[in-house]
Amino acid sequence: MILQQIINGISIGAVYAMIAVGYSLVYSVMNFSNFAHGEVLMLGAYAGFFAMTSLGLPLGLSIGLAMLGGGIIAVTIEKIGYSRLRKRQASSLYFMITAMGFSVFLQNFAIVTIGPNFRSYPDVFPITPYLLGNIAIGRLDVVIFLITIIALSLLTWFIYGTKIGTAIRATSYNPKVASLMGINPDLVIAIVFFLAGATAGLGGVLFGIKYTVYAWMGVLTIKAFIAAVVGGLGSLPGAVLGAFVLGITETFAAGYVSSSFRDLFSFALMVIIIVLRPGGLLGTVTQEKA
Amino acid sequence: MKKFMFVTLITVLILSAVSCAPAAAPEEEVVVEEAAEEVVEEAAVEDVEPIKIGWTGALTGDQAVWGTAEKNGVMLTVEQINAAGGILGRPVEMVYYDGKGEQLEYINALKRLIYEDEVVAVIGQNSSGNQIAMAPIAEEGKVPIISTFATNPRVTVPEEGVLMRYTYRVCFIDPYSGEVTAKFAWEDLGAKKAAVLYEISSDYSVGVRDYFKKAWLELGGTIVADEAFKTGDVDFRPQLTSIKEADPDVIVMPFLFKEVALSAKQARELGITATMLGGDGWPSLQLLEIAGEAVEGSYYIDHADVKAPSVVKFRADYKDKYDKEVEILSLMGHDAFMLLKAAIEKAGVAESEAIRDALEGISDVEVLTGTINIDPDTHNPVGKAAVIIKIENGEFVFYKTFEPMQ
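Anyway, here's the lowdown on the structure attached to this text. (Residues numbered from 1 in each chain as written. Chains lettered and ligands numbered in written order. Predicted model: local features only at pLDDT ≥ 70, side-chain atom pairs only at ≥ 80, totals over all residues. Heavy atoms only, no water.)

Overview of the overall build of chain B
Assigned secondary structure in chain B consists of twelve helices and 15 strands. The long-range fraction of contacts in chain B, counting pairs at least 24 apart against all pairs at least 6 apart in sequence, stands at 69%. (Helix = DSSP H or I, 4+ residues; strand = E, 2+ residues; numbered from the N terminus. Contact = heavy atoms within 4.5 Å.)

Structural notes on the interface of chain B and chain A
At the interface, 51 residues of chain B touch 51 residues of chain A. Approximately 4600 Å² of surface area, both sides summed, lies buried where chain B meets chain A, with 65% of it carried by carbon and sulfur atoms. Across the chain B-chain A interface, the total number found is three salt bridges. A salt bridge links arginine 262 of chain A to aspartate 233 of chain B; the shortest N-O distance between them is 3.0 Å. (Buried area = accessible area lost by both parts, 1.4 Å probe. Salt bridge = Lys/Arg side-chain N within 4 Å of Asp/Glu carboxyl O.)

A few points about the sheet that holds strand 10 (residues 275-278) of chain B
Residues and elements named next belong to chain B. Within the open sheet, the seven strands sit side by side as 8-7-9-10-11-14-15. Their pairing is mixed. The strands lining the two open edges of the sheet, one partner per strand, are strand 8 (222-229) and strand 15 (395-401). Each neighbouring strand pair of the sheet contributes to a mean axis angle of 25°, computed without reference to strand direction. The pairing of strand 7 (residues 193-199) with strand 9 (residues 250-253) spans three bridges and is parallel. Residue pairing for strand 9: valine 196 is matched across the bridge by valine 252. Across the face of the sheet, helix 8 (residues 257-269) comes into contact with strand 7, strand 8, strand 9 and strand 10 while running at roughly 155° to strand 9. (Pairing = 2+ DSSP bridges. Axes fitted to C-alpha atoms, helices over the stretch in contact; angles between N-to-C directions.)

Things to note about the pairing of strand 8 of chain B
Residues and elements named next belong to chain B. Bridge analysis of strand 7 against strand 8 gives seven bridges, and the strand direction is parallel. Each residue of the ladder has a partner; that of lysine 193, found in strand 8, is threonine 222. In this region the chain leaves strand 7, passes through helix 6 (residues 203-219) and returns to the parallel neighbour strand 8; the handedness of that crossover is right-handed. (Right-handed = clockwise from strand over helix to strand, strands pointing away.)

Points about empty space enclosed by the protein
Within the structure shown, the criterion is met by three cavities of 30 Å³ or more. When its volume is computed, the largest cavity comes out at roughly 150 Å³. Along its surface, the largest cavity is lined by 17 residues, and Asp123, Phe125, Leu140 and Ile209 of chain A together with Glu269 of chain B are the ones closest to its centre. Where the lining of the largest cavity is concerned, the elements lending two or more residues are helix 5 (139-161) and helix 8 (185-210) of chain A together with helix 8 of chain B. In the lining of the largest cavity, the residues fall into eight nonpolar, three polar and six charged. (1 Å grid on protein atoms, 1.4 Å probe; cavity = no way out; pocket = protein on both sides within 12 Å on 5 of 7 lines; lining within 4 Å. Points joined across faces, edges and corners; volume = space filled by probe spheres on them. Nonpolar A, V, L, I, M, F, W, Y, C, P; charged D, E, K, R; others polar.)

So, in structure tokens, the structure goes:
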């Protein structure tokens, strides 16, 4: 039973990880929590859903389309909302409020245009699990885990192994100096939002296949946000670690303590970590920028 | 750094509040349905002021599928009644508001119906939690409210000896459905070990679970697992893993179709083969759509068979008008309206207080889901029978009828 619960935890953690990196990516460069991320995920999930059902595309192509769609939506949000605030050097609180505004708007936009129904992806994988003795491992969970690992590795390589990645990291350390060195901050920020949007699109499709697609599914990304905070906002490995820690904590709380206390544990975990290590598990404590 | 902590914590607080009550809130829609308009001439009830009746339910949000089905059922009935000359020679006008499945919205909607629109009566609400919140408002405004689907006993009798004078309902109540669930599992399925999965934040779910447990233990069964989750959860595997470990014969799942679909799927993924048994939160075509083969072979307790011969005509009319299949909530909406109509006719006048007096102890009202006799002590319909529906080949199939509620 412990093994089964660990596997449950990892499978939940993998989805959280995919979403948490999006929060962290944006935070690392922009220093605010992009609460419209959940709605990008929701729109990505819908994009993938309609690509599969209405256009009849295979899963791989649909994922690609959802990622592209998510990326474009995230960049658009940045251009419409955040870039103006950036030019006025607004404090991060205003960014966050703008993000919430986008979140509420997009959610209701989806309800009005797409409708309040729940949609379910066509059955991509059979529901019969792989059995290891008494332990069941969902086929879908294996696939999600692999996709998450691959996507996160690619992202890590991009951030740490390419020239653009170096520019992103430079901007995250010090945007002013980076721009003095000839890095175009607008371009870097657009790329960061595209990457975050693309991971949200991918996360949305995975989430949609695993559970279901509906207009207010973005609300659930609050858990991924907690994961990002636990791991250290702004740190990619931290987001991934935080996601798995949170996933396993939740399953254990639900499985062994009481299932009704699950969320109490997630939020308590976050508060404890913030109190003990304000920067999160792997985050570095940075001075608040004025 | 402190500033960052503060901002983060505050944000999380705000967000968790928001996530408890999904922000799925489009600009409040106020629609006054003028169903009466076109019929006025043929029915020769010109120059007569329409009888205003209110309705509230969820047209957006989690429960929108049900709310829409119920509203459609009521609207269709209103249209048919108006075409046949209305009630007491007056056409009926329905005023409705979207409550989005949130208590606060329903309270506002009800106040608006009572004080601004001045309706004579309100057709209800399908959720116990919301109906319980609305009951005191109806008392205060002295307007009768007929609930369609709120099955918690506290809807009409909040505590021993207290009766909500203005609240009535047309559905059976949770103690009965808990008992039927237990009896069915024991006698028909021959189960001995039961597991319960329930939604801790829902009055309905907790109610059925309590009554099921009581009846089940009395029959001699054992409860091997009793697991809870919270409204809005999408992952049930930690709970299901505990249930799997306990190896039950049946899993009792008294909650709504979206969670049923997700938990059923995850149960099958974990290799759980026990029979799943549910309540009147199950019937929605969305259940079959999302859950697919995972709910195959499961049973649930419902208020009526939507394919029964008595429903054929209504079913066809409904399909004609909305191009959708009738759902159980459409029937309950129709029944609540018919009860109201009978009460207005009995009272001889369309005034709130007179309607309330007429509802008290009204009997032999023939409706689609049976005959309604209101018990003056509890305001519950006496003698309504539950039916068992089985999910077979991806369809809801009538299985059997149970003895009626006493």
